[in-house]
Amino acid sequence: MAQAFDQLQTGCKQFQHQKEQCLSGADLSRKGSVDAPIADLVSFINTQSDCFTTSSCSGRVIVVDNTDEKGEVQKHGCHWLYVTHEKACCDSIKTSLQNMKGAAVFKFEPMVMHIQVRTLQFAKHLHTTAVASGFRNSGISIGGKGKIVVAVRSTHCLEVPLSYEGQVLVSDMYIDHLVQCANKKMQENIGRIARFFTNFKCMIENQEEKAAQGKHGQGKHHQMTSDELSDGHHHTQDLLPTNVTNSQNSKDSGDIEECFDCLLFEETS
């Protein structure tokens, strides 16, 4: 028992050290700062005692040139012709292609966020919240030294080649259509971010209420097991208050709605 307590104390100290080290370090991203659409969300996450963000992107529309000086396709270190974390502009994208030398690719990438957490239990709760908010490709990874990271991500990406060997392959009308599609996805992405922020705050509030009740002997906090999560029981109500409404209206939402009926869901077409 004493050994287990010592290991817990050591793990807590390591987590706190990693959090302080990460948040005090320089931002090594290309931009060098947190994207404006998720600045408040990231700030709120980093004020919590049991988690912090290690990397994030709010979502973006980019045009990259994947070909190097030797004419070979690059997977890393591509030349960026255009980037925005908001809705894209057709004219700006067309102008950016004038600087293209090889294989230009148009991409929409939704929000992705990596959040390191203190405990596996918190990771399970956070994963449930992310999935219910529309980030259905989210997952949990555990490192060899016990480092637990939740990746919050979704699948509504878009990637289309625009040129080959320096020659644009598509018309202006097609580029206009791509931008419309990407901007629609960006709007969906913004909605998912808002839902995740709302649901995450509800999760934290509910956990604080459970902790307060436990201190006063007014109730026991139910902890979900992995079996309960996979079985789809209604234990998510122990995480979030029931006053959060469910906005999921699609006919194929029955399974996830049954599992997470106290969360604010995304609307799907």
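Residues numbered from 1 in each chain as written. Predicted model: local features only at pLDDT ≥ 70, side-chain atom pairs only at ≥ 80, totals over all residues. Heavy atoms only, no water.

### Overview of the packing of aromatic side chains
Counted according to the given criterion, the structure contains five aromatic pairs. Between Phe44 and Phe197, the ring centres sit 5.8 Å apart and the planes meet at 55°, which makes this aromatic pair tilted. Of this pair, Phe44 sits in helix α2 (residues 39-46) while Phe197 sits in helix α5 (residues 172-215); the two residues are 153 residues apart in sequence, bridging distant segments of the chain. Among the residues examined, Phe44 registers a relative accessible area of 24% and is labelled partly exposed. Connected via pairs of aromatic rings, a cluster forms that spans Phe44, Phe135, Phe196, Phe197 and Phe200. The positively charged end of Lys201 is found above the aromatic ring belonging to Phe197, 4.4 Å away from the centroid. (Phe/Tyr/Trp six-rings, centres within 6.5 Å; stacked < 30°, edge-to-face > 60°. Helix = DSSP H or I, 4+ residues; strand = E, 2+ residues; numbered from the N terminus. Buried < 20%, exposed > 50% of the residue type's maximum accessible area, 1.4 Å probe, protein only. Lys NZ or Arg CZ within 6 Å of the ring centre and 35° of its normal.)

### Brief notes about helix α4 (residues 120-132)
Counted at 1.5 Å a residue, the expected span for α4 with its 13 residues is 18 Å, and the 18 Å between its end C-alpha atoms agrees. Within α4, 11 of the 13 residues are buried, which leaves the element mostly enclosed by the surrounding structure. Of all the residues in α4, the buried ones are Gln121, Phe122, Ala123, Lys124, His125, Leu126, Thr128, Thr129, Ala130, Val131 and Ala132. Downstream of α4 by a residue or two, Gly134 has a phi angle that is positive, lying close to 115°. (Expected span 1.5 Å × (residues − 1).)

### Quick word on the sheet that holds strand β5 (residues 112-117)
Overall, antiparallel pairing links the four strands, which are arranged β1-β5-β7-β6 in an open sheet. The open sheet is flanked by β1 (51-57) and β6 (139-142), the only strands paired with a single partner. Averaged over all pairs of adjacent strands, the angle between their axes in this sheet comes to 20°, without regard to strand direction. Of the strands in this sheet, β1 and β5 touch α2, which is tilted by about 155° from β1. Helix-sheet contacts for α4 involve β1, β5, β6 and β7 (148-153), and the interaxial angle to β6 is about 155°. (Pairing = 2+ DSSP bridges. Axes fitted to C-alpha atoms, helices over the stretch in contact; angles between N-to-C directions. Contact = heavy atoms within 4.5 Å.)

### Re the environment of Phe106
In this structure, Phe106 sits in strand β4 (residues 104-109). A C-alpha to C-alpha distance of 9.8 Å links Phe106 and Leu81, two positions 25 residues apart in sequence. Apart from residues lying up to four places away in sequence, Phe106 is in contact with Val61, Ile62, Val63, Ile93, Leu158, Glu159, Val160, Leu162, Leu178, Val179 and Ala182.

### Observations concerning the confidence of the model for the chain
Any region with low pLDDT has predicted coordinates that should not be read closely. Per-residue confidence for the chain averages 79 on the pLDDT scale, and 69% of its residues sit at or above 70. Mean pLDDT across the secondary structure elements of the chain bottoms out at helix α7 (residues 254-259), with 34, and peaks at β5, with 97. A low-confidence stretch, residues 1-10 (pLDDT under 50), is modelled with zero contacts involving residues beyond four sequence positions or located in other chains. In the predicted structure, residues 219-262 sits below a pLDDT of 50 and forms 87 contacts with residues beyond four places in sequence or in another chain. (pLDDT = per-residue confidence, 0-100.)

### Description of the sheet that holds β4
With antiparallel pairing, the four strands of this open sheet are ordered in space as β3-β2-β4-β8. Across the chains shown, the open sheet's two edge strands, defined by having one partner strand only, are β3 (79-84) and β8 (158-161). On average, each strand axis in the sheet is tilted by 15° relative to the strand beside it, whichever way the strands run. When strand β2 (residues 60-65) meets β3, the two strands line up antiparallel, connected through five bridges.

### Quick word on the side chain of Asn189
Here Asn189 lies in helix α5. Among the polar contacts listed, one links the side chain of Asn189 to the backbone nitrogen of Met111, at a separation of 2.9 Å. (Polar contact = N/O pair within 3.5 Å; in protein donor to acceptor, adjacent residues only side chain to side chain.)

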